[in-house]
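Close look at the chain arrangement
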Amino acid sequence: MKNPLSFLVQQLLKANKITVDFDELDFQIQSHPTYPSLHAVTGVLDHFNIENLALDVPKTIDTFNQLPTTFLAQLEIDSQKQFVVITKIKNGCKITLSETQKKTLSEFEFLNQFTGILLAVEKDTTTTMSSESLLNPNLLKGLVLTTLIAFALMLILSKPSTIDLGFLCLSIIGIYISISVFKQEQGESNILVDAFCSNPSEKKSCNAVLNSKASTVYKNLKLSDLSITYFTGLALAISFLSLSSKAIFIPKLISLMALPTTIYSIYFQSLVIKKWCFLCLSIVAVMWCQACIALLNFEPIYNLESTLIVVLSFSFVSVLWLLASRFFKDNKTLKKTKVDYYKFKRNFDLFSNQLDINKTISTYVASKKEMIYGNSNSNLNIVIITNPLCGHCKPVHKTIEQILSNYPQLTKLTIRFNINPEHPENTAVKIAARLLEIYHIENIETCLDAMHDIYGDSSPSEWLKKWNECSQPNNYLPILRDQFNWCSDNSINFTPEILINGKSYPKMFDRNDLIYFIENLEELSEVNNPHIPFIKAEKA
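Every value quoted in this text rests on a predicted model; they were computed, and no experiment measured them. (Residues numbered from 1 in each chain as written. Predicted model: local features only at pLDDT ≥ 70, side-chain atom pairs only at ≥ 80, totals over all residues. Heavy atoms only, no water.)

**Some details on the overall build of the protein**
The number of helices and strands found in the protein is 21 helices and 13 strands. The C-alpha radius of gyration computed for the protein amounts to 32 Å, which surpasses the reference 24 Å derived for 540 residues by more than 25%, pointing to a less compact arrangement than a globule. By principal-axis analysis of the C-alpha atoms, the protein measures approximately 100 × 60 × 45 Å. Per-residue burial over the protein gives 45% buried out of 540 residues. Long-range pairs, those at least 24 residues apart, make up 76% of the contacts in the protein between residues at least 6 apart in sequence. Looking at the protein as shown, the accessible area adds up to about 29100 Å², and 58% of this sits on carbon and sulfur atoms. The protein carries 49 positive and 50 negative side-chain charges, and their two centres are separated by 7 Å. (Helix = DSSP H or I, 4+ residues; strand = E, 2+ residues; numbered from the N terminus. Rg over C-alpha atoms; globule rule 2.2 N^0.38 Å. Buried < 20%, exposed > 50% of the residue type's maximum accessible area, 1.4 Å probe, protein only. Contact = heavy atoms within 4.5 Å. Areas by Shrake-Rupley, 256 points an atom, 1.4 Å probe, with all protein chains shown as cover. Lys, Arg positive; Asp, Glu negative; His and termini not counted. Charge placed at Lys NZ, Arg CZ, Asp CG, Glu CD.)

**Considerations on the side chain of Gln 483**
Here Gln 483 is to be found in helix 20 (residues 477–489). Taking relative accessible area as the criterion, Gln 483 reaches 0% and is therefore assigned buried. Excluding residues that lie within four positions of it along the chain, Gln 483 makes contacts with Glu 370, Ile 415, Arg 416 and Phe 417.

**Describing the state of the cysteines**
Under the definition given, this model contains 0 disulfides. Considering cysteine sulfurs only, Cys 289 is the nearest to Cys 169, which forms no disulfide, with 12 Å between them. By relative accessible area, Cys 169 is classed as partly exposed at 42%. (Disulfide = S-S within 2.5 Å.)

**Topic: the sheet that holds strand 1 (residues 52–56)**
Judged by pairing direction, the sheet is antiparallel, and its 6 strands sit side by side in the order 1-6-2-3-4-5 without closing on themselves. With partners counted over all chains shown, the strands left at the sheet margins are strand 1 and strand 5 (102–106), one partner each. Within this sheet the neighbouring strands show an average axis-to-axis angle of 30°, counted without direction. Note that strand 4 (residues 92–96) and strand 5 share 5 bridges and pair antiparallel. Each bridged residue has a counterpart across the sheet, and for Thr 96 the counterpart in strand 5 is Lys 102. Contacts from helix 3 (residues 38–47) reach strand 1, strand 2 (70–77), strand 3 (80–89) and strand 6 (114–121) within the one sheet, and its direction differs from that of strand 6 by about 10°. (Pairing = 2+ DSSP bridges. Axes fitted to C-alpha atoms, helices over the stretch in contact; angles between N-to-C directions.)

**Looking at the pairing of strand 6**
Burial analysis of strand 6 places 6 of its 8 residues in the buried class, which makes it a mostly covered element. The pairing of strand 1 with strand 6 spans 5 bridges and is classified as antiparallel. Considered in strand 6, the bridge of Asn 52 is made with Val 121. Alignment of strand 2 against strand 6, held across 3 bridges, turns out to be antiparallel.

**With respect to the nonpolar core**
Ranked by size, the top nonpolar core spans 52 residues in total, and within it Met 371 and Phe 417 carry the most contacts. Of all the elements, helix 17 (residues 427–441) adds the most residues to this core, at 9 residues. Each residue touching Phe 417, except ones within four places of it in the same chain, is listed here: Met 371, Thr 386, Pro 388, Ala 432, Leu 435, Leu 436, Tyr 455, Leu 480, Gln 483, Phe 484 and Cys 487. (Core = buried A, V, L, I, M, F, W, Y, C linked by side-chain atoms within 4.5 Å.)

Take a look at the structure:
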């Protein structure tokens, strides 16, 4: 079933014409350490660079009138606080609680339930798709739809009988119901699942039936797998037989032979489990309808070609579904494992403990002309030791850009080069000196652009051609010398290196995870070091 909080955020973004990779959005929300809090949502929106604002506002009609058309709000419903999507309409609002729960409230009813907490996002006409989303879902849907339409037209042109067409339509209905059963087993949902399986009671429970031992045929093979194979095989066999102008006697015979399974299903639900699964009963109803058609129009017409078509149809569908179902189930398990892994990795308590284990070193250097970004008065001082020719430093620079974009006031980012300046003609020395010159002579934004180029796709020669060499290297070589000596004194021999208030970044964490801990680190720094922007190591 689609994650409720993720669904609400998706609806909020869609209403504001903001497009993202919704699978990635769902993953990021569920793997956030503070899920399912509002903080998790704002953190993920920041991750996607979506402007958002979480507020606690007065519960008045004037405030309501000033709110955006669509926003996420916290309501108190049946003594439970929960988030909903609000869409303002004339004299009231529509609220979306979940995929299946929607209702309309008057302004008075809304304000009576509103806690004052809301989240709004800024409308955008641009598309923010994940780089991992290589296949356009709309294109895929279009291709599938085109294929189905072409196949349907071919079938219509073959002029099948009304009986054959009805038998085929029932098979297609059976496929849809069977897929709904499979989705229910996987914890997903659709309209049919929500209609038949929501609100379980003493006599009704889809999960009780679908999770019982009787629903498993052999190891991981379940009745839902057989049901999908059965109806899809029938539909494919009927289609090919109709296109070949052959009678569908064998599919009718198969439908009669399958009736004992329906009797067993009813027996098991009524006398063993003593609970009903309406999805399963729907499949039983479809199978009985097909059996009735077969009995009313039972004309034994048997030939080898028809038999081969049916055998090949069922064989093809069986192999295809066994592979597809395994992929779906493995993917579901992988997603859950990935969510649990990232939730564990992004746990700040764990990160903080690993950070505290590391020795505190002095971040102080004699030179006062370093490159500093963000809030120079912040207690959270992050020192990045880098080299413009270091390939591993490139991902770290992307993280720097994200931090400066999302948390410019929370961090003090110091860029420090680990380059031996004794050879001024060295390319790395030339680029580092020029970056220092741009930072001090021109402006911070221009220097950020220059850093973006050298830590991006530009080659050193292209970068020097665009940004030129340092015009006064003697002014900046001493800075590089102080930084290089500091690195040597503290045994920092490799780049990149990240120091957080003098402590080395924990090795068990990916450097790209740093952005997820900025807010917590800033709060911790404020408590521990309210007036110490640079940490100096204690003398022994």
